[in-house]
Amino acid sequence: MSTVESLTIGQARRVALAAQGFADPAPGGAPDRRHLRRVLGRVGLIQMDSVNVLARAHYLPLYSRLGPYPAALLDNAAYRRPRELFEYWGHEASLIPVALHPALRWRMERARSASWGSMQRIAREKPDLVAWVLDEVRDKGPLTAAEIEHDAPRPTGHWGWNWSEVKRALEYLFWAGEVAATERTTAFARRYDVPSRVLPPAVLAAPTPAPADAYRRLVEVAAAALGVAAEVELRDYFRLPAEAARRAVAELVEAGVLTPVEVRGWKPRAYLHATARLPRRVRASTLVSPFDPLVWERNRTERLFGFRYRIEIYVPAPQRVHGYYVLPFLHGERLTARVDLKADRQAGVLRVPAAWIEPGADPGETAEALAAELERLAGWLGLSDVAKPEAGDLAGPLATAVAAR
């Protein structure tokens, strides 16, 4: 597509969906490590989040692209030898292919030199504590924070995380690349160890690129994963410094990896990756996590799909518009609905607090397709039933479709 100078919104949407793996063929049998690698090759990294009302966020992007798959497939790639993924700060807390470890060492080095933030403060103000924590991990790891913090002081009065000083020291060391996450406990707590006992030796021995080379590498990964995107979205994928990302984009344009294109209806200039493809159609029918890379950048989601999306987890219940944990429904090439979901594991039921139709989507067709997807999702989660939808303008048609199944 290197000769393309402009794209319609529909074309850009298909390019984006193909780049993210939604146009790939479904696995012929049970998904295996080859399918995992294919998805990771498409998306570049997978965001993590602790909310477990439906499923942990990092499991859902694979489900959206592969359908029901064994969660152990991802767990083994991330936490068993030979590791193919490691935890680090990518978009947010992420699972990232180990091959990208060298390209993120600039961020580790920046953690050591930055002077702002509570984790840097503890490194600056309590270096003896940080050194002690690192020695504990080196001598006794793998360890969780709870296994070494003992009676360490824990500040209170802050909304959100009330971390002990040991936990802050561990997170500083994690950010600085001096400890790594060897696994997660059943409570989703990181278990830390030194990198030499976590990462493959070949990864640790790989040379560290110059920061400019690393930025260019990460922008290229982002561009391939997005297909077509504005500069701010290429930067946001790995949360890169603005000026460094702009230089990387310019260098990739000069190298022919990126081509500036016009997407009709977009104000920002777009960039098309050299490997981007434009399928004739996309026949996806799947739910998408709030933390899926397809919808990370909300302005892009709105420009591509006409879909204004905000996570309302932290919004007080009376002020929520669509619900607590709302997933977009991708049907064909459009986001045609959004549905608030909860896995009631004790009752074995997938609950549907609300379901909403998008403007222009057919309620009957959408309800039937979404009912099939809810049944598939429930089965993957080990739930035996889908509850009657409780609210929303799609609740009635969806209830009829669910009952018919």
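Residues numbered from 1 in each chain as written. Predicted model: local features only at pLDDT ≥ 70, side-chain atom pairs only at ≥ 80, totals over all residues. Heavy atoms only, no water.

Time to look at the overall build of the protein. Each helix and strand counted, the protein has 16 helices and 14 strands in total. Its C-alpha radius of gyration of 22 Å places the protein within 12% of the 22 Å reference for a compact globule of 405 residues. Sorting the 405 residues of the protein into buried and exposed places 56% on the buried side. Taking all contacts inside the protein whose residues are at least 6 apart in sequence as the whole, residues at least 24 apart take part in 64%. Where the 55 positive side-chain charges of the protein centre and where its 47 negative ones centre are 2 Å apart. (Helix = DSSP H or I, 4+ residues; strand = E, 2+ residues; numbered from the N terminus. Rg over C-alpha atoms; globule rule 2.2 N^0.38 Å. Buried < 20%, exposed > 50% of the residue type's maximum accessible area, 1.4 Å probe, protein only. Contact = heavy atoms within 4.5 Å. Lys, Arg positive; Asp, Glu negative; His and termini not counted. Charge placed at Lys NZ, Arg CZ, Asp CG, Glu CD.)

Moving on, we get to the environment of Ala114. Within the element layout of this structure, Ala114 appears in the loop between α5 (105-113) and α6 (118-125). Relative accessible area serves as the criterion here: at 17%, Ala114 is assigned to the buried category. Sequence separation of Ala114 and Trp132 is 18 residues, and the distance between their C-alpha atoms is 21 Å.

In this section: unusual backbone geometry. Omega for the peptide link from Arg81 to Pro82 comes to -5°, which places this bond in the cis form. In this structure, Pro82 sits in the loop between α4 (71-79) and β3 (85-89). Backbone torsion omega between Gly141 and Pro142 reads 5°, so that peptide bond is classified as cis. Its place among the elements puts Pro142 in the loop between α7 (127-140) and α8 (146-149). We note that Arg239 has phi near 55°; this positive angle belongs to a residue other than glycine. With respect to the helices and strands, Arg239 occurs in the loop between α12 (231-236) and α13 (242-254).

Let us look at helix α9 (residues 165-175). Counted residue by residue, α9 has 11 buried out of 11 residues, so it is predominantly covered. Of all the residues in α9, the buried ones are Glu165, Val166, Lys167, Arg168, Ala169, Leu170, Glu171, Tyr172, Leu173, Phe174 and Trp175. Downstream of α9 by one or two residues, Gly177 has phi in the positive range, about 80°.

Turning our attention to the sheet that holds β3. An order of β2-β4-β3 is seen for the 3 strands of this open sheet, with the pairing classed as antiparallel. Edge positions in the sheet fall to β2 (46-47) and β3, since each of these pairs with one other strand and no more. Across 5 bridges, the pairing between β3 and strand β4 (residues 93-97) is antiparallel. Each bridged residue has a counterpart across the sheet, and for Glu87 the counterpart in β4 is Leu95. (Pairing = 2+ DSSP bridges.)

Moving on to the sheet that holds strand β9 (residues 270-273). Spatially, the 4 strands line up as an open sheet ordered β1-β8-β9-β7, and their pairing is mixed. The open sheet is flanked by β1 (6-7) and β7 (228-230), the only strands paired with a single partner. One ladder, built from 3 bridges, connects β7 with β9; its direction is antiparallel. Counted as the bridge partner of Ala230 is Ala270 from β9.

The next point concerns the packing of aromatic side chains. Under the defined criterion, the tally for this structure stands at 8 aromatic pairs. Between Phe86 and Tyr88 the ring centres are 6.4 Å apart and the planes differ by 20°, which places this aromatic pair in the stacked class. Ring pairing ties together the aromatic residues Tyr63, Tyr69 and Trp380, which thus form one cluster. Here the basic side chain of Arg56 rests over the ring of Phe188, its NZ or CZ set 4.4 Å away from the ring centre. Of note, Arg190 hangs over the ring of Phe174, and the distance from its end group to the ring centre comes to 4.0 Å. (Phe/Tyr/Trp six-rings, centres within 6.5 Å; stacked < 30°, edge-to-face > 60°. Lys NZ or Arg CZ within 6 Å of the ring centre and 35° of its normal.)

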